[in-house]
Each structure stands twice: as C-alpha cells, then as structure tokens.
Amino acid sequence: MCRILISWRAGCAAMRCEIKQGKKEEKDVVIQRILFPQIGKCTEQELYFRKAACTGMQTGKPGECGGAAQGISYHYSEGSLRLEKGKPVGFNTYFNGCSIDKWKKYTILNNLSLRLALKGKVKVTLVTEYLLHENRIERILGESIADTADRQEFTVSCDIKNARGMLSFRLEALEDGGIFYGGAYCSQAEQQTLRDVKIGVGICTFRRERYVEKNLRILQKEIMENKDSPLCGRLEILIADNGKTLDPGRMGMKHVHIYPNPNLGGTGGFTRCMIEMKRNREKLGITHVLLMDDDVVIEPQALERTYMLLTLVREEYRDTFIGGAMLRLDQQCIQHESGAVWHLDTGMVSPLKDGLDLREVRNCIYNEIEEYTSYIAWWYCCFPLCVAEDDNLPFPFFIKIDDVEYSIRNMKHLILMNGICVWHDPFEYKYASYLEYYVVRNCMIMSALQGDAYRLHTVLRQMLAFCLREITYYRYKNVELYLRGVRDFLKGPAWLMRQDGEALNQDLIRCGYQAQELEELDMGFDQRVYEASRQDYGQGSSRKKRIFTINGLLLPAKGDNIAPMASVRGVHFYRRRRVMNYEVMSNKAFITQRSFIQIVLAVIKVMQTAAITCKGYRKAKEAYQKDGRRLMTLKYWKRQLKIH
C-alpha cells in the first residue's frame, strides 16, 4: 500500500517551490498537469475523464468500463468539474493517466505525489492498471478523503515501486457540492540533478498563415507568457517560411523567429530550422530540436511533458528522441499512428497502434506498451540539437521519407507517451498526384543508403504492381510520374545534387492530376452515387471477374462513376467509361477516362523503364552509398538554401 500524506494549503498556490533539506537543495517539479477539454482544441471528454464504475480485475474489453462521465458537470468557461454524490469519476485516460513505467525507466524520478485542488468532501483513490495477456488488471494503491468547505490544495504521496502500467486516480463526492478544479503529478528532485534544457520548435510552412498564427497564439498564451509554465523562457520558435508569405510584423512575438526560405519542401524547411538553431546557439541557448508540422492542432501540455522528460532524463538516455502520436482531427479520439516500422526489404511502412479508440481504458494501457520502432514522423519529433552536426543533416528528399531516413540514421532510443500528441487531418483527405514521384524515388534512395536489402526483383515487382493498378484506375499521369521517379533515381546522387528542387517540384505538380471545382468539370456530381461507391468493396463473384478481365479492361465500358480520390478501389473502375475522383474535404475532383491508346503507351513505358532499371539499378545504388553523404552536409545545404 502507498504511504498517504495529507496536506492543506489555501488557494491554488504555485506548484513550484524550493525546499532545503540539509545541504541538498530540492525542487518541487510538476511532471504532468491534469488537463480538461477545451473548446477549439479538443472536446472529447473521455480523453480527459470518465465514469469510473469499474474496480478490481477486469477483462478490459471495449465498452466494459467506458462511457461518458455521468452524474458530473464540466464547465468549459470555468475549467472545473462538479461532482455528484456517489458517482465516481476516473482519470485513467489518455491525457490524465500517468505513464509511470516510462517515467521510472527513462528518468531519475524516484518519488511522486498527486496534488489536487478540491472543494467539498471527496474521496481520492490512487489506482494502477496494466495488461496481463488479454486482461486489464487494476490495483488500488491507496485512499484518502478531502473535506473542506472552500477550495483547498490536497496532496497524496505514493511509493511508486508498487505502481506499474498506468497510474491514475478516481474522485468520488461523499456529499453534494464537490468540485474539482485541477491538479498535477509532482515530484521532488535535487536541483543539481536537473538538466538545463531549452527547446527550439522548428516549423516549416508553405502559405498556411492561418494555421501558423493559431498555433503561435496558443503557445504564446499557455507557455511563453504563462509564468506558471515550466517552459516559460525555455522555448524558442523558428519558422522556415517556404512561401515567403508570413508577415513578421503581424507575428512579431518575442522568441519567434521567421526565416524566408526557398521552397525545398519539408526537408529544406526543417533543415533550415536546424541550421539557424546551430548558428544562433550562443544567443538562443537551444539544446533540443522539436520539429512540428504547420497544419496540426497542438496540445501545449505535450511540449511541457516533453520538456520535463528531458529535464529528468537519465544519463544513459540523454540522446533519446521523443515522439508524438498523430490523432485524427476529424475524430479526435482515434489514433492514426504512434511510431512506425520501416521494412528495409520492401521499402514499406507499417504504422504502429493505428486505429485505436483512445476513449477505451484498455487501449490507453496498450498504447503504453513499447514495441520496436524504426522512426517517428516529423509532425512531432524532438531530439538533441547536437545530433544535427555539420555532416549529419537531413538528406534532400524534398518531401516524403525524410523523417524515416533521419530517424534510422540517428535514433538510438525513442520515448512515446500518452498525452504527447498532435491532431492532424487524416491522409485519406489529402491526395496529391505528384507525390507518387517522391514516394518511389525517395523510397529507392532511402533503401540504397541503408544497404542491399531492397533488391532488384522487389523494385520490378512493385513497379509492375503499381503501374498495373494505376492503369486500371485510368490514372495514366500517375504511371508516368512513378516511372519518372525510378528513372531519376537511376541518375544517381550527382544528378540530384545539381537539381533546382523548387523548379522540379513545380514541374511535377504540372504533370500530375489537378483537382478542380465541380462546376468546372463536364461530369455532374451525384451524392448518392458517391456514397454507394464508398460502401462498395467488390466482394464475391465480381472480384473474380475483375481479376480475369484485368478489372474490366478486356470488356466493353458502360457508364460513369464517382469514387473517393484517396481511397479508390478497383471495383470503382470496373467497366466504367469515366470516373470522377472526388475529395470531400475540398469539394473538388478530377476525372479519369478509359483510353486504349493511353493504356498501350503506359505499358510500353513500363517495359522500357523496367529494362533500364535492370541495367542501372546496382550502379545507382552503389553511387548513393558512396556519395550520398555529400548531400547531408552543411556546405551542400547552405548552397541550396542560399545561406551566406
């Protein structure tokens, strides 16, 4: 059982103080604040608190212990939770559970206390939960009762040796009128053991002023101008403006630095941020880089938790990477990815823990289980600035695969933790035809840099499979873009070094399909047809017919169809004359049409590219292995970014 200590202090005093104990100076640090849902950020209440009707050993099956917190009332404007007698509220949630195993493994944390601001007679129960095979095990570590007529601060201290998995707490009002105002998980640490950390947030943007301004306002309010935040004064924001459209006067905040930059994609923008952090190291004092996409919705407390991990990190993990999960912006409780695996032999990516509904307790606990992870995406990726040495900068992929390659090259340890995340639009709502070029070219470069696991027969098999699929989708431009990516890879690193990345990207965009307004198309949009296509997975006998007739290409075409742009399936094109590829978020589309001449030309180009690939693949791969490092140097990047 835990050792329970109860202390009362009036009001909501600051949670950071210094205590002298003999000759050792200790500091009271807040490692994790209790969060509430906020309008404009996230209003999924079960990511923050839930009805706590379950105790003891549980199976943890979905729906068993979930459900919105009934019998309580949360006030968004006040940021307080009103409790109802006899109806407990649990905080074993994605944002408010404490990842105790990871705090113990990666940091010097050896004590923990829970501080809560409460009013009324409220029972506080400390709980630890973990998975044992398919079962969710719950253990109560201790209970205590707060009883006060006014708002008071209540402290519960726990011996963390008995805690594992996810540590959390439950609140139950024993009388009407109980109110929970907030709190934090805290720890006592010796001042001299805390690391001196300052984070530089690197953001690459291209004409997304609205997103950037919103995130800067959030960070300014909750961190940079909030003296109660441990990150106040310990955060610098550097923005690589690839579109040269940001107004420094409009966003002239202290600790925000804007650099107009050539449009060399995300790779060029993030590299520019790293270079500027290094060039201004003495002035800014940055110790760690945090790369973050410009179009995400951020949770500032994720940055604070990242900072506290780095402040308390053990010596053996001082070079660790800290990653953030991606949650869907349209369904904010659904996780898209929490780390991923790159398969060297196929060049394919497998996202980890994708599709988890984080409202479920079991999923939150499972999410904490560590698995082998190859890389962490740059929508939220933090690492020591010393990693970005002058000869160890990102490879100039422009876009796609850059984060994969840099992680595999440099990442020794990775910390992923519940509550460290961003919200991002799901990728099925984002489709750009020209990206097919970058995906295949960069995948081949990446695999070449890593060795010989990605073999010629795999390249040819994937090429034929992709091109055949796109031909049956009538997307002949995509076939040409893919084959162009293969041919450009074969030209080797010397060719890539001579390229004007911005001009190449513009040419690729022109060569791909361009989504247009529906009124500009010569095919009418029918919502019923579109919805029917979304639900059509082509199972049963029709699948056999599609296989034997090459998805209907050997049969006469009849009629048109409408299909989702980014998640089309073969059945959508079966024996169709034209197909409208529709994107619901932008309400735009492009049309692909069956053409016998285009099919023949595409097949000829595939055969030609396959032939030159057989001849030049090994030579190109060896060239990247020999000279690829030259494109990762400060000298190369200064020339590309026009830095003098």
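So, how was this worked out
Residues numbered from 1 in each chain as written. Predicted model: local features only at pLDDT ≥ 70, side-chain atom pairs only at ≥ 80, totals over all residues. Heavy atoms only, no water. Helix = DSSP H or I, 4+ residues; strand = E, 2+ residues; numbered from the N terminus. Rg over C-alpha atoms; globule rule 2.2 N^0.38 Å. Buried < 20%, exposed > 50% of the residue type's maximum accessible area, 1.4 Å probe, protein only. Contact = heavy atoms within 4.5 Å. Lys, Arg positive; Asp, Glu negative; His and termini not counted. Charge placed at Lys NZ, Arg CZ, Asp CG, Glu CD. Phe/Tyr/Trp six-rings, centres within 6.5 Å; stacked < 30°, edge-to-face > 60°. Patch = residues over 30% accessible without salt bridge, like charges linked within 9 Å, V, L, I, M, F, W, Y side chains within 5 Å. Areas by Shrake-Rupley, 256 points an atom, 1.4 Å probe, with all protein chains shown as cover. Salt bridge = Lys/Arg side-chain N within 4 Å of Asp/Glu carboxyl O. Pairing = 2+ DSSP bridges. Axes fitted to C-alpha atoms, helices over the stretch in contact; angles between N-to-C directions. Polar contact = N/O pair within 3.5 Å; in protein donor to acceptor, adjacent residues only side chain to side chain. pLDDT = per-residue confidence, 0-100. Parallel < 35°, antiparallel > 145°, perpendicular 65-115°, else oblique. Left-handed = near helix turned anticlockwise from the far one by under 90°. Nonpolar A, V, L, I, M, F, W, Y, C, P; charged D, E, K, R; others polar. Expected span 1.5 Å × (residues − 1). Core = buried A, V, L, I, M, F, W, Y, C linked by side-chain atoms within 4.5 Å.

Things to note about the overall build of the protein chain
Reasoning step 1: Broken down by element type, the protein chain carries 16 helices and 26 strands.
Reasoning step 2: Against the 2.2 N^0.38 benchmark of 26 Å for 644 residues, the protein chain shows a C-alpha radius of gyration of 27 Å, consistent with a compact globule.
Reasoning step 3: Counting only C-alpha atoms, the protein chain reaches 80 × 60 × 50 Å along its principal axes.
Reasoning step 4: Expressed as a percentage of the 644 residues in the protein chain, the buried residues total 57%.
Reasoning step 5: Long-range contacts, defined here as pairs at least 24 residues apart, represent 77% of the contacts in the protein chain between residues at least 6 apart.
Reasoning step 6: Looking at charge distribution, the protein chain has the averaged site of its 94 positive side-chain charges lying 5 Å from that of its 77 negative ones.

Comments concerning the packing of aromatic side chains
Reasoning step 1: One pass over the full model with this rule turns up 34 aromatic pairs.
Reasoning step 2: Centre to centre, the rings of Y434 and Y438 are 6.2 Å apart; their planes meet at 80°, and the pair counts as edge-to-face.
Reasoning step 3: Their ring planes at 15° and their centres at 4.3 Å tell us that F466 and Y482 sit as a pair that is stacked. Of this pair, F466 sits in helix α9 (residues 456–472) while Y482 sits in helix α10 (residues 476–490), and the two are 16 residues apart along the sequence. By the burial criterion, F466 is buried, and Y482 matches it.
Reasoning step 4: Here the aromatic cluster, defined as three or more aromatic residues joined through ring pairs, consists of F36, F49, Y74, Y76, F91, F169, F180 and Y185.

Overview of a nonpolar patch on the surface
Reasoning step 1: Residues F596, I597, V600, L601 and I604 make up a contiguous nonpolar surface patch of roughly 500 Å² in combined accessible area.
Reasoning step 2: When you line up the elements, L601 lands in helix α15 (residues 596–627).
Reasoning step 3: Judged by relative accessible area, which is 41%, L601 ranks as partly exposed.

Section: unusual backbone geometry
Reasoning step 1: One non-glycine residue with positive phi stands out, namely K244, at about 55°.
Reasoning step 2: Counting through the fold element by element, K244 comes out in the loop between β13 (235–241) and β14 (256–260).

Digging into the sheet that holds strand β26 (residues 588–593)
Reasoning step 1: The mixed open sheet is built from 4 strands, whose spatial order is β23-β26-β25-β24. Sheet topology places β23 (516–517) and β24 (560–564) at the edges, where each strand pairs with a single neighbour.
Reasoning step 2: Of the pairings in the sheet, the one linking β23 to β26 comprises 2 bridges and is antiparallel in character. Of the residues in β26, the one forming a bridge with Q516 is A589.
Reasoning step 3: Sitting on the sheet, helix α13 (residues 527–534) is in contact with β24 and β25 (578–583), with an inclination near 60° to β24.

Notes on the environment of S80
Reasoning step 1: Structurally, the position occupied by S80 is in strand β6 (residues 80–82).
Reasoning step 2: Given a relative accessible area of 3%, S80 falls into the buried group.
Reasoning step 3: Apart from the residues lying within four places of it in its own chain, the contact partners of S80 are S73, Y74, H75, I179, F180 and Y181.
Reasoning step 4: Of note is the side chain of S80, whose polar atom sits 3.2 Å from the side chain of E78.

Looking at the confidence of the model for the protein chain
Reasoning step 1: On average, residues of the protein chain score 89 in pLDDT, and 92% of them reach the 70 mark or higher.
Reasoning step 2: This stretch, residues 1–23, has a pLDDT under 50; its non-local contacts, to residues over four places away or in other chains, come to 63 contacts.

Considerations on the packing of helix α2 (residues 209–224) against helix α5 (residues 300–312)
Reasoning step 1: Where α2 contacts α5, the two axes come as close as 10 Å, and the packing angle between them is 50°. With respect to their mutual orientation, α2 and α5 come out oblique. Of the two elements, α2 crosses α5, and the hand of that crossing is right-handed. Within the contact between the two elements, α2 uses I218, L219, E222 and I223 and α5 uses P300, L303 and E304.
Reasoning step 2: Within the contact of α2 with α5, the residues separate by chemical class into 5 nonpolar, no polar and 2 charged.

Brief notes about α9
Since the α-helix turns once every 3.6 residues, residues separated by three or four places project in the same direction.
Reasoning step 1: The first and last C-alpha atoms of α9 sit 24 Å apart over 17 residues, in line with the 24 Å expected at 1.5 Å per residue.
Reasoning step 2: For α9, the set of buried residues is T458, V459, L460, Q462, M463, F466, C467, E470, I471 and T472.
Reasoning step 3: Buried residues along α9 sit in contact with β20 (348–351), α8 (435–450), α10 and α15.
Reasoning step 4: Y474 sits one or two positions beyond α9 and adopts a positive phi of about 65°.

Examining the environment of C158
Reasoning step 1: For C158, the position within the fold is in strand β9 (residues 135–158).
Reasoning step 2: Between the C-alpha atom of C158 and that of R250, which follows or precedes it by 92 residues, the distance is 48 Å.

A few points about the nonpolar core
Where a protein is soluble and globular, its nonpolar side chains tend to be buried together.
Reasoning step 1: With 189 residues, the main nonpolar core has F91, F169, L171, F180 and L303 as its most contacted residues.
Reasoning step 2: The dominant element in this core, judged by the number of residues it contributes, is α8, at 10 residues.
Reasoning step 3: Excluding residues within four positions of it along the chain, F91 makes contact with I34, F36, Y48, F49, L81, N96, G97, S168, F169, L171 and F180.
Reasoning step 4: Within the second largest apolar cluster, 8 residues are counted, among which are M523, Y530, M580 and Y582.

Some points on the side chain of D403
Reasoning step 1: Turning to its location among the elements, D403 is positioned in helix α7 (residues 402–410).
Reasoning step 2: Of the buried charged residues, D403 lacks a salt bridge, with K400 as the closest side chain of opposite charge at 8.6 Å.
Reasoning step 3: Here the side chain of D403 touches W378 through a polar contact of 3.3 Å, landing on its backbone nitrogen.
Reasoning step 4: Contact partners of D403, with chain neighbours within four places excluded, come to Y375, I376, A377 and W378.

Observations concerning the pairing of strand β8 (residues 112–132)
Reasoning step 1: Of all 21 residues making up β8, 17 are buried, and the element is well covered by its neighbours.
Reasoning step 2: As defined by bridge partners, β8 adjoins β9 across 20 bridges and the pair is classed as antiparallel. Its bridge partner lying in β9, V122 is registered against A146.
Reasoning step 3: What sits between β8 and β9 in their antiparallel hairpin is a turn of 2 residues, with H133 showing a positive phi close to 55°.
Reasoning step 4: In terms of strand pairing, β8 meets strand β11 (residues 179–190) through 7 bridges, oriented antiparallel. When the sheet's bridge partners are listed, K119 is paired in β11 with I179.

Thoughts on the pattern of salt bridges
Reasoning step 1: According to the stated counting rule, one finds 40 salt bridges in the structure shown.
Reasoning step 2: For D522, the salt bridge identified is with R578, shortest N-O distance 3.5 Å. Of the two residues, D522 sits in the loop between β23 and α13 while R578 sits in strand β25, which places them 56 residues apart along the sequence.
Reasoning step 3: Judged by its relative accessible area of 64%, D522 falls in the exposed class.
Reasoning step 4: A residue is classified by how much of its surface remains accessible, and R578, at 12% relative accessible area, is buried.
Reasoning step 5: Notably, a salt bridge pairs D526 with R528, separated by 3.5 Å at the nearest N-O pair.
Reasoning step 6: In this structure D526 comes out as partly exposed when scored by relative accessible area, which is 26%.
Reasoning step 7: Taking relative accessible area as the criterion, R528 reaches 68% and is therefore assigned exposed.
Reasoning step 8: Several salt bridges converge on common partners, so that one network encompasses R208, D294, D295 and K430.

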